[in-house]
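# Breakdown of the fold
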Amino acid sequence: MRKIVSNTASRKLGLLRHLAASHSRFLASTPVLDLLSTMPSANPSAPALSLDTINPKVLKCEYAVRGEIVTLAQRLQQELLAKPGSHPFDEILYCNIGNPQSLSQPPITFFREVLALCDHPAILDKSETQGLFSADAIERAWQILDQIPGRATGAYSHSQGIKGLRDTIAAGIEARDGFPADPNDIFLTDGASPAVNFNFTFFLGFINLYIFSFKLIHCNRSCFLSYQVHMMMQLLIRSEKDGILCPIPQYPLYSASIALHGGTLVPYYLDEATGWGLEVSELKKQLDSAKSKGITVRALVVINPGNPTGQVLAEENQRGIVEFCKKECLVLLADEVYQENVYVPEKTFHSFKKISRSMGYGEKDISLVSFQSVSKGYHGECGKRGGYMEVTGFSPDVREQMYKVASVNLCSNISGQILASLVMCPPKVGDESYESYCAEKDGILTSLARRAKALEDAFNNLEGVSCNKAEGAMYLFPCIHLPQKAVKAAEALKTAPDAFYCHHLLNATGIVVVPGSGFGQVPGTWHFRCTILPQEDKIPAIVSRLTDFHKGFMDEFRD
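Turning next to the overall build of the protein. A tally of helices and strands in the protein yields 21 helices and 14 strands. A burial count over the protein gives 55% of its 559 residues as buried. Taking the contacts inside the protein whose residues are at least 6 apart along the sequence as the reference set, 74% of them involve residues at least 24 apart. Put simply, the protein shows about 23,400 Å² of open surface, and 55% of that area lies on carbon and sulfur atoms.

Okay, the sheet that holds strand 13 (residues 514-515) next. Pairing in this open sheet of 3 strands is antiparallel, and the strands run 10-14-13 from one edge to the other. Both outer strands of the open sheet, strand 10 (475-476) and strand 13, are each paired with one neighbouring strand and no more. By the bridge criterion, 2 bridges tie strand 10 to strand 14 (residues 528-531) in an arrangement that is antiparallel. For Leu476, the partnering residue across the bridge sits in strand 14 and is Cys530.

Next up on the list: unusual backbone geometry. The omega torsion of the bond from Ile248 to Pro249 falls at 0 degrees, within 30 degrees of zero and hence cis. The residue Pro249 is located in the loop between strand 3 (242-248) and helix 12 (252-260) in this model. With an omega dihedral of 15 degrees, the bond running from Asn307 to Pro308 counts as a cis peptide bond. As for its placement among the helices and strands, Pro308 is situated in the loop between strand 5 (296-303) and helix 14 (315-328). At Lys494, a position not held by glycine, the phi torsion is positive, near 55 degrees. The residue Lys494 is located in the loop between helix 19 (484-492) and helix 20 (497-509) in this model.

Scanning the model with the defined rule gives 15 aromatic pairs in all. Ring geometry for Phe500 and Phe557: centres 5.5 Å apart, planes at 75 degrees, overall edge-to-face. Linking Phe500 in helix 20 with Phe557 in the segment after helix 21 (539-556), this pair joins segments that are 57 residues apart in sequence. Taking the relative accessible area as the measure of exposure, Phe500 reaches 6% and is therefore buried. For Phe557, a relative accessible area of 7% corresponds to the buried category. Aromatic rings pair up to connect Phe459, Phe500, Tyr501, Phe528, Phe549, Phe553 and Phe557 into one cluster. One residue, Arg529, lies across the ring of Tyr475, its end atom 3.9 Å from the ring centre.

Right, let's talk about the nonpolar core for a bit. Counting residues in each nonpolar core, the largest one holds 115 residues, and the members touching the most others are Leu333, Ile418 and Phe459. For Phe459, the residues in contact, after removing those within four places along its chain, are Val465, Cys467, Leu476, Pro478, Phe528, Cys530 and Leu546. Counting 29 residues, the second largest nonpolar core, distinct from the first, contains Leu278, Leu313, Leu332 and Phe519.

Moving on: the confidence of the model for the protein. Confidence along the protein averages 84 in pLDDT terms, with 82% of residues attaining 70 or more. The model gives residues 35-40 a pLDDT under 50, and that stretch makes 13 contacts with residues more than four places away or in other chains.

Here the focus is the sheet that holds strand 3. Taken together, the 7 strands give an open sheet; going across it, the order is 2-8-7-6-5-3-4, and neighbouring strands pair in mixed fashion. Sheet topology places strand 2 (186-188) and strand 4 (264-269) at the edges, where each strand pairs with a single neighbour. Strand-to-strand, the axes of this sheet are offset by a mean angle of 20 degrees, without reference to chain direction. Bridge count for strand 5 against strand 6 (residues 331-335) is 5 bridges, and the pairing is parallel. Across the sheet, the residue bridging to Ile303 is Asp335, located in strand 6.

The next point concerns helix 14. Relative to the 20 Å expected for 14 residues at 1.5 Å per residue, helix 14 spans 20 Å between its end C-alpha atoms, a close match to the ideal helical length. Of the residues making up helix 14, those classed as buried are Gln318, Ile321, Val322, Phe324, Cys325 and Glu328. Looking straight down helix 14, one finds its buried side chains confined to an arc of 160 degrees; they lie on one side. Projecting away from the buried face of helix 14 at angles above 90 degrees are the exposed residues Glu316 and Lys327. For helix 14, the elements touching its buried residues are strand 3, helix 13 (280-292), strand 5, strand 6 and helix 15 (352-358). One or two residues past the end of helix 14 sits Cys329, with phi positive at roughly 55 degrees.

For helix 12, the tally of buried residues reaches 8 of 9 residues, placing the bulk of the element in the interior. One or two residues past the end of helix 12 sits Gly262, with phi positive at roughly 80 degrees.

Right, let's talk about the environment of Leu124 for a bit. In this fold, Leu124 is placed in the loop between helix 6 (109-119) and helix 7 (129-132). We classify Leu124 as buried; its relative accessible area is 3%. Apart from the residues within four sequence positions on either side, Leu124 is in contact with Leu117, Thr129, Gln130, Ile138, Ala141, Trp142 and Leu145.

Successive residues of a regular strand alternate their side chains across the two faces of the sheet. Burial runs high along strand 6: 5 of the 5 residues are buried. When strand 6 meets strand 7 (residues 368-373), the two strands line up parallel, connected through 4 bridges. If you follow Leu333 over to strand 7, its bridge partner there is Val369. On the question of chirality, the crossover connecting strand 6 to the parallel strand 7 by way of helix 15 is right-handed.

Evaluated as defined, the whole model comprises 24 salt bridges. Two residues, Asp288 and Lys284, come together in a salt bridge whose shortest N-O distance is 3.3 Å. Taken together, the residues Asp288 and Lys284, both in helix 13 and 4 residues apart, mark about one turn of the helix. A salt bridge links Glu363 to Arg357; its shortest N-O distance comes to 4.0 Å. Sharing partners across several salt bridges, the network here consists of Lys284, Asp288, Lys291 and Glu328.

All right, on to the environment of Gly277 then. As for its position among the elements, Gly277 is in the loop between strand 4 and helix 13. Under the relative-accessibility criterion, Gly277 is labelled buried at 14%. Once the C-alpha coordinates of Gly277 and Gln311 are considered, the two residues, 34 residues apart in sequence, prove to be 7.7 Å apart.

Reading the values: rules and limits
Residues numbered from 1 in each chain as written. Predicted model: local features only at pLDDT ≥ 70, side-chain atom pairs only at ≥ 80, totals over all residues. Heavy atoms only, no water. Helix = DSSP H or I, 4+ residues; strand = E, 2+ residues; numbered from the N terminus. Buried < 20%, exposed > 50% of the residue type's maximum accessible area, 1.4 Å probe, protein only. Contact = heavy atoms within 4.5 Å. Areas by Shrake-Rupley, 256 points an atom, 1.4 Å probe, with all protein chains shown as cover. Pairing = 2+ DSSP bridges. Phe/Tyr/Trp six-rings, centres within 6.5 Å; stacked < 30°, edge-to-face > 60°. Lys NZ or Arg CZ within 6 Å of the ring centre and 35° of its normal. Core = buried A, V, L, I, M, F, W, Y, C linked by side-chain atoms within 4.5 Å. pLDDT = per-residue confidence, 0-100. Axes fitted to C-alpha atoms, helices over the stretch in contact; angles between N-to-C directions. Expected span 1.5 Å × (residues − 1). Arc of directions from axis to C-beta. Right-handed = clockwise from strand over helix to strand, strands pointing away. Salt bridge = Lys/Arg side-chain N within 4 Å of Asp/Glu carboxyl O.

Here it is as structure tokens:
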């Protein structure tokens, strides 16, 4: 095998040059297949792909939010449908994932009106349309269609997204932050080409084709953010000696993406005792530790508001983080997809772009990538697959490489692009839809705040459970102090104690939560993540079921 691979070295180099030169989606299919054909299988009758031959990085990738417990929940749901009354509950309550509309959160009317009109522009000229749609939705649809080539939402767009929509988003960012935003810094994104990306991950892994601009990867994740994160990891990670500072607890997309790209996750621990505080001294400690192990730390991930922890960073804290990144020459990856989800009056969301500019730092001072999504906030449009990243502080040659990576996926879906522009430029005072839009938005956010408080109080009333306040985002992350008898029972089953608890909770109540071990936690502590998304009228039932279960569990395993 070594001889064969060596004999193909010149062809492999030619393939890499071909990959770098071409922007076609299928640019590599023939050369890659030619290269594969020169590598004989040890067993001609063996399957073309098995666990022994797929990229080992994929085997290291885990995504707890859709893991084993969710698979069990789906099986229980099928059993309830096939045989009602077969379990001590009559429905599965999915508190595991931030998927608002699956839990009956209604979409924003104005957004859906504009989308409908853009998707079926023939009705714009019909007289009946004036009575069915608001005047500002009709006007906005005309404006958007004029920006789309051919006025067709089924057509490809520019690889960064439709220019007019990026103009609108940049204007929205500028209005939010009070500092200029350049539409050329905006990349409209979604989880593009998952089948192509996933198969290339499997097959290219053992050929070792490490050219960052065409190493196509996709992790199974419902939100647009996966593509953005993968794109940045492609740019940042060269080998296992490159590290990314990530919060613990963290959203598992980051650990999964780092594993897929062959890098090293450098953990920094949030302080649960101070409401999941982010201390710059902890960042420095972990950075120095990584350096001592020969790891080059390339970037810092900050999730604000926090997932799964729900904290909202104070402005002064953010300034310290920006100063740290500037001093250590780190790319700041700012996950800001929950920026609309702030529930406490004493906290306000500030983007890291705004913070850095207010400190006097510009393009040449700090490299910053900000992520935003249509999937979260009050809009909850997860299935529309829309969002953007704003990329600042990178040289023109690096920006060219970013565009090259984006062009491999041709473009993000047009409906998601439209929604991203609507989220950043909603109805304004004087528009026909303004009052109804505000009522819908405020109704959703105030209800989420009430749900967060109700669940927080319920968790804190349970024996051995403590839960920090949900200042923002869509989750609570309570700490559970389990009896040693339960810990030993979990160890006997070779499972984490918090996963053991979550399995019992699901089987007894139908409530689906995610074990904290899937997000990372201080060793010896146990948690679970619970969304605040079930509709308000279901919260009392969740609290009642959870309270009864927890009492029984603690009695059963009491030391």
